[in-house]
Amino acid sequence: MEALVCKKLGDPTSPESKSIELTTTEPIPNLKSPTSVRIRVKATSLNYANYLQILGKYQEKPPLPFIPGSDYSGTIEAVGPSVTKFKVGDPVCSFAGLGSFAEFIVADEKDIFGVPIGCDLVDAAALPVAFGTSHVAIVDRAKLKDGQVLMVLGAAGGVGLAAVQIGKVLGAVVVAVARGAEKVQFLRSLGVDHVVDLGSEDVIQSVKEFLKSRKLKGVDVLYDPVGGKLTKDSMKLLNWGANILVIGFASGEVPLIPANIALVKNWTVHGLYWGSYKIHRPQVLEESLKELLSWAAQGLIKIHISHTYRLQEANLAFSAIRDRKIIGKLMIVIDDKRSTRSKL
């Protein structure tokens, strides 16, 4: 089968580094247990974590060689003798730490989710990690309530855009922070209550003026996949009793959250590593993804895919992630004979 294999750690944006290699001779994986299924992959997300993993800078470092993995979708091609929930031909989606950058992947039936009628299969592949991370963070951890103020940093990225939409579904007042006119315009088109352009505006001043105009005291939930100075500035806007959701550090700088201020202001700081929920609280993930798939089928949330590539174009795909050209999600479409290009 066709697969993208990481042979050595290095820069996947550069063909000269030879860190990734497209092969057509990778063995098709066998069913691993009576309850496992084999899925013909339709599409898989390329997330920033995949880029870091191939660079050797991610917290999980699999042994070489490996096939990168992420959230994916496809149709069931084979089932084990004890599988009861699915049959051959069913459309499904799931997520994998490794292995989805290939034509076929094997998973246990308990780890996959049926894609409901009305939900596009490529969109379904974009949903589990980005929307799952944001849903678990905002709903399960911060317990965002109707009317509260949610401030989303990196709001035009995959998890940020998901957080913005989830906030709106829950009835929150959403403040989004992004950089560049195109991203700001797109966020405004989603009905975001206030958007700050990092490239031309002062975050603290802009948000304070907005809050004052709405007679709001401050931010109740800070969703932060960025880190660095932006986190430090945003903390000046937080309410007493606010929740801080630590999602990632796209800026490359891990921020310091002063414990003395957290104490005085009764802040709650939540570290959120979504992938570990599969081990420690799998029921939370299952309930979260079921709700998200239902929302997607109803049109309450929309998966915005700005770029799609084929496996053969992996270097270009990783470059787009590195250069922050993405609004929403970047997808690798595998079961597709079209010459798949960027939508922007």
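Up top is the structure these notes are about.
All figures in this text were calculated on a predicted structure; none of them were measured in a lab.

1. Quick word on the environment of Arg-179
And then number 1: One can find Arg-179 in the loop between strand 9 (173–178) and helix 5 (181–189).
And then number 2: In this structure, the C-alpha to C-alpha distance between Arg-179 and Ala-43, residues 136 residues apart in sequence, is 28 Å.
And then number 3: Non-local contacts of Arg-179, meaning those with residues more than four positions away in its chain, are made with Asp-197, Leu-198 and Gly-199.

2. Some thoughts on unusual backbone geometry
And then number 1: The omega angle of the peptide bond from Leu-64 to Pro-65 is -10 degrees, so this bond is cis rather than trans.
And then number 2: Examined against the element boundaries, Pro-65 turns out to sit in the loop between helix 1 (48–55) and strand 4 (71–79).
And then number 3: In this model, Lys-143 sits at a positive phi of 55 degrees, which is unusual for a non-glycine residue.
And then number 4: Its location among the elements puts Lys-143 in the loop between helix 3 (128–141) and strand 8 (149–152).
And then number 5: For Lys-215, which is not glycine, the phi torsion reads 60 degrees and is therefore positive.
And then number 6: Relative to the assigned elements, Lys-215 resides in the loop between helix 6 (203–213) and strand 11 (219–224).

3. A look at the packing of helix 3 against helix 10 (residues 282–298)
What describes two packed helices is the angle between their axes and the distance between those same axes.
And then number 1: Running from N to C, helix 3 and helix 10 point in directions that differ by 110 degrees, and their axes come no closer than 10 Å. Overall, the two elements helix 3 and helix 10 adopt an arrangement that is roughly perpendicular. The handedness of the crossing between helix 3 and helix 10 comes out as right-handed. Of helix 10, the residues touching helix 3 (which contributes Pro-128, Phe-131, Gly-132, His-135, Val-136 and Asp-140) are Val-284, Leu-285, Ser-288, Leu-289, Glu-291, Leu-292 and Trp-295.
And then number 2: Residues of the contact of helix 3 with helix 10, tallied by class, amount to eight nonpolar, three polar and two charged.

4. Side note on the pattern of salt bridges
And then number 1: Applying the stated criterion to the full structure yields 11 salt bridges.
And then number 2: The shortest N-O distance in the salt bridge between Asp-233 and Lys-229 comes to 2.7 Å. With Asp-233 and Lys-229 both in helix 7 (residues 229–234) and four residues apart, the pair spans about one turn of that helix.
And then number 3: A residue is classified by how much of its surface remains accessible, and Lys-229, at 59% relative accessible area, is exposed.

5. Points about the pairing of strand 5 (residues 91–95)
And then number 1: Counting buried positions along strand 5 yields four of five residues, so the element is predominantly enclosed.
And then number 2: Looking at chain direction, strand 4 and strand 5 are connected through five bridges and run antiparallel. In the strand pairing of strand 5, Gly-74 is matched with Val-92.
And then number 3: By the bridge criterion, two bridges tie strand 5 to strand 7 (residues 113–114) in an arrangement that is antiparallel.

6. Re empty space enclosed by the protein
And then number 1: Under the definition given, this model contains one cavity of 30 Å³ or more.
And then number 2: Considered as a void within the structure, the largest cavity measures approximately 50 Å³ in volume.
And then number 3: Together, Ala-130, Phe-131, Gly-158, Leu-161, Ala-162, Gln-165, Lys-302, Ile-303, His-304, Gly-328 and Lys-329 line the largest cavity.
And then number 4: Only helix 3 and helix 4 (158–169) provide two or more residues apiece to the lining of the largest cavity.
And then number 5: By residue number, the principal contributor to the lining of the largest cavity is helix 4, which donates four residues.
And then number 6: A breakdown of the residues in the lining of the largest cavity according to their chemical character gives five nonpolar, four polar and two charged.

7. With respect to the nonpolar core
And then number 1: If you look at the biggest cluster of nonpolar residues, it comprises 56 residues, and the most contacted ones within it are Leu-127, Leu-150, Leu-187 and Tyr-223.
And then number 2: If you tally residues by element for this core, the top one is helix 10, at seven residues.
And then number 3: Core analysis: the next-biggest nonpolar cluster, separate from the first, contains 37 residues, Met-1, Val-41, Phe-86 and Ala-96 among them.

8. Comments concerning the packing of aromatic side chains
And then number 1: Taken as a whole and judged by the stated rule, the model has two aromatic pairs.
And then number 2: When the centroid spacing of 5.7 Å and the interplanar angle of 55 degrees are considered together, the rings of Tyr-48 and Tyr-51 count as tilted. In this pair, Tyr-48 and Tyr-51 both sit in helix 1, three residues apart, roughly one turn of the helix.
And then number 3: Residue classification places Tyr-48 among the partly exposed residues on the basis of a relative accessible area of 30%.

Parameters at a glance
- Residues numbered from 1 in each chain as written.
- Predicted model: local features only at pLDDT ≥ 70, side-chain atom pairs only at ≥ 80, totals over all residues.
- Heavy atoms only, no water.
- Helix = DSSP H or I, 4+ residues; strand = E, 2+ residues; numbered from the N terminus.
- Contact = heavy atoms within 4.5 Å.
- Axes fitted to C-alpha atoms, helices over the stretch in contact; angles between N-to-C directions.
- Parallel < 35°, antiparallel > 145°, perpendicular 65-115°, else oblique.
- Left-handed = near helix turned anticlockwise from the far one by under 90°.
- Nonpolar A, V, L, I, M, F, W, Y, C, P; charged D, E, K, R; others polar.
- Salt bridge = Lys/Arg side-chain N within 4 Å of Asp/Glu carboxyl O.
- Buried < 20%, exposed > 50% of the residue type's maximum accessible area, 1.4 Å probe, protein only.
- Pairing = 2+ DSSP bridges.
- 1 Å grid on protein atoms, 1.4 Å probe; cavity = no way out; pocket = protein on both sides within 12 Å on 5 of 7 lines; lining within 4 Å.
- Points joined across faces, edges and corners; volume = space filled by probe spheres on them.
- Core = buried A, V, L, I, M, F, W, Y, C linked by side-chain atoms within 4.5 Å.
- Phe/Tyr/Trp six-rings, centres within 6.5 Å; stacked < 30°, edge-to-face > 60°.

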